[in-house]
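For reference, the chains in residue letters:
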Amino acid sequence: MILRPISEDKPEKHYLRLAREIRSDIEEGRLLPGQRMPTVKEMCSKSGLSAGTVRQALGLLKAQGLIELTPGRGTFVSVPKENGKSRKDMAIEAIDGLFQSLSSMGFSQMEARMLLSLRLAQMDQDRYVLPVALIAKYPEALRCAFYRLSEIPSIDPVSFTMEDVRISGEIALSEYPLVVCESSLINEVSAILSEKTDAVCPFVLAPAPQTILHLARLPEGARVCVYAQSDVFYKLVKKTVKQLSLPVSLVFIPAGTLTQASLDAFTHVITPSDVAAFADDSEMRLLTVFSQKVNTAVVFDLVVDEGSMLSISRRVSVLAERH
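Residues numbered from 1 in each chain as written. Predicted model: local features only at pLDDT ≥ 70, side-chain atom pairs only at ≥ 80, totals over all residues. Heavy atoms only, no water.

Caption draft 1: Layout of the side chain of Ser-190. Within the secondary structure layout, Ser-190 lies in helix 8 (residues 186-192). Reaching out from Ser-190, the side chain makes a polar contact with the backbone oxygen of Ile-186 at a distance of 2.8 Å. (Helix = DSSP H or I, 4+ residues; strand = E, 2+ residues; numbered from the N terminus. Polar contact = N/O pair within 3.5 Å; in protein donor to acceptor, adjacent residues only side chain to side chain.)

Structure, rendered in structure tokens:
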């Protein structure tokens with residue numbers, strides 16, 4: 001995979017260019033089906049782009065079905081369907097072939113199942129994957145944290161919104177040896193897990209430095225729409241704009257309600273870095289055209305601070321050693 005450094009002339013277009021380069025690598029065979037792709041951190045280092053821009057490009061490629069994110073393992077080039085067969089169909093055929101081979105060796109179905117179960121148990125023992133519950137207040141934060149935690153080897157993060165946890169309580173989290181949540185939720189999550197408070201590890205999310213820089217460049221009187229999945233994300237943008245004392249007006253447009261007419265009323269648009277993960281095709285086209293023609297799109301990227309990542313990685317190591 002070849003990643004070329006990208007100049008800073010038009011940062012709002014960088015994710016589109018990066019996505020095109022990766023798509024070209026896939027189509028021309030430089031990236032093969034099933035091949036593991038570099039981590040977000042490695043791609044940032046090679047391309048000179050921010051983590052948010054890289055994740056936005058990956059989100060677009062994922063929406064196009066070109067790549068797949070496997071929790072706890074990384075990002076892989078999608079394996080195309082063969083003769084109209086899905087991966088599941090091909091996997092079932094492979095399993096059927098395995099059982100047929102064992103049958104020809106004289107093994108009964110029960111013996112074959114026992115051998116398969118034994119081998120799977122041995123493989124699990126050789127490579128322990130720690131199940132981790134990940135909790136955040138809103139979907140944009142949840143996806144950001146999920147992408148970052150997926151870079152830690154040997155963990156399998158499972159996402160929960162705080163609303164999920166409030167509904168199901170301790171039942172949803174009882175099977176997880178580690179529960180990672182936004183720092184603002186630590187007291188509520190600890191109260192729910194009253195018997196396992198030592199299993200809770202907080203993380204801190206904040207706007208990326210590059211996001212702050214781009215927001216600071218908004219001109220006075222700019223009419224800005226915030227296109228997002230949740231109003232909590234909009235409130236975070238609004239709070240950040242207020243802290244920067246920016247003389248701009250903000251309007252929230254929820255995903256699923258964007259039209260050309262509504263977009264025409266604004267001079268700028270702010271989106272999460274993973275907008276492609278939730279925008280439908282028509283709204284994604286509107287945003288892309290707006291960015292290309294007007295050149296006033298701002299990506300609001302969230303980052304998990306390094307202190308949080310270090311703390312979580314240490315907890316994962318301790319729990320893996322205990323296992």
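Moving on, there is more to tell.
Caption draft 2: A look at the sheet that holds strand 9 (residues 249-254). Read across the open sheet, the four strands follow the order 9-8-10-11; overall the sheet is parallel. Both edges of this open sheet fall to strand 9 and strand 11 (297-300), since each of them pairs with a single strand only. The sheet shows a mean angle of 25 degrees between the axes of neighbouring strands, direction not considered. Relative to strand 10 (residues 268-272), strand 8 (residues 223-228) runs parallel, the two being bridged by three bridges. (Pairing = 2+ DSSP bridges. Axes fitted to C-alpha atoms, helices over the stretch in contact; angles between N-to-C directions.)

Caption draft 3: Spotlight on the sheet that holds strand 5 (residues 178-182). Across the sheet, which stays open at both edges, the four strands sit in the order 4-3-5-6 with parallel pairing between neighbours. Looking at the sheet topology across the chains shown, the edges are occupied by strand 4 (155-161) and strand 6 (200-203). Between one strand axis and the next, the sheet turns by 25 degrees as a mean value, whatever way the strands run. Judged from the seven bridges that link them, strand 3 (residues 130-136) and strand 4 form a sheet pairing that is parallel. If you follow Ala-133 over to strand 4, its bridge partner there is Val-158.

Caption draft 4: Main features of the environment of Ser-249. Checked against the element boundaries, Ser-249 lands in strand 9. With relative accessibility at 39%, the residue Ser-249 sits in the partly exposed group. In sequence terms Ser-249 and Ala-222 are 27 residues apart; their C-alpha atoms lie 6.5 Å from each other. With residues near it in sequence (within four places) discarded, Ser-249 still touches Ala-222, Arg-223 and Val-224. (Buried < 20%, exposed > 50% of the residue type's maximum accessible area, 1.4 Å probe, protein only. Contact = heavy atoms within 4.5 Å.)

Caption draft 5: Representation of the pattern of salt bridges in the model. Within this structure, the stated rule accounts for nine salt bridges. When the shortest N-O distance is used, the salt bridge between Arg-148 and Glu-151 registers 3.5 Å. Classification of Arg-148 by relative accessible area gives buried; the value is 16%. According to the relative accessible area criterion, Glu-151 is partly exposed, its value standing at 27%. Across the salt bridge formed by Asp-231 and Lys-235, the nearest N and O atoms sit 4.0 Å from each other. In this pair, Asp-231 and Lys-235 both sit in helix 10 (residues 231-243), four residues apart, roughly one turn of the helix. A relative accessible area of 51% places Lys-235 in the exposed class. The network of salt bridges with shared partners includes Asp-25, Glu-28 and Arg-30. (Salt bridge = Lys/Arg side-chain N within 4 Å of Asp/Glu carboxyl O.)

Caption draft 6: Representation of the side chain of Ser-50 in the model. Counting through the fold element by element, Ser-50 comes out in the loop between helix 2 (40-47) and helix 3 (51-63). A distance of 3.0 Å separates a polar atom in the side chain of Ser-50 from a polar atom in the side chain of Gln-210. Those residues in contact with Ser-50 that lie beyond four places of it in its chain are Cys-44 and Gln-210.

Caption draft 7: Summary view of the environment of Met-284. Mapped onto the fold, Met-284 is located in helix 12 (residues 281-294). Between the C-alpha atom of Met-284 and that of Leu-258, which follows or precedes it by 26 residues, the distance is 9.6 Å. Leave out the neighbours within four places in its chain, and Met-284 touches Tyr-15, Leu-60, Val-275, Ala-276 and Ala-279.

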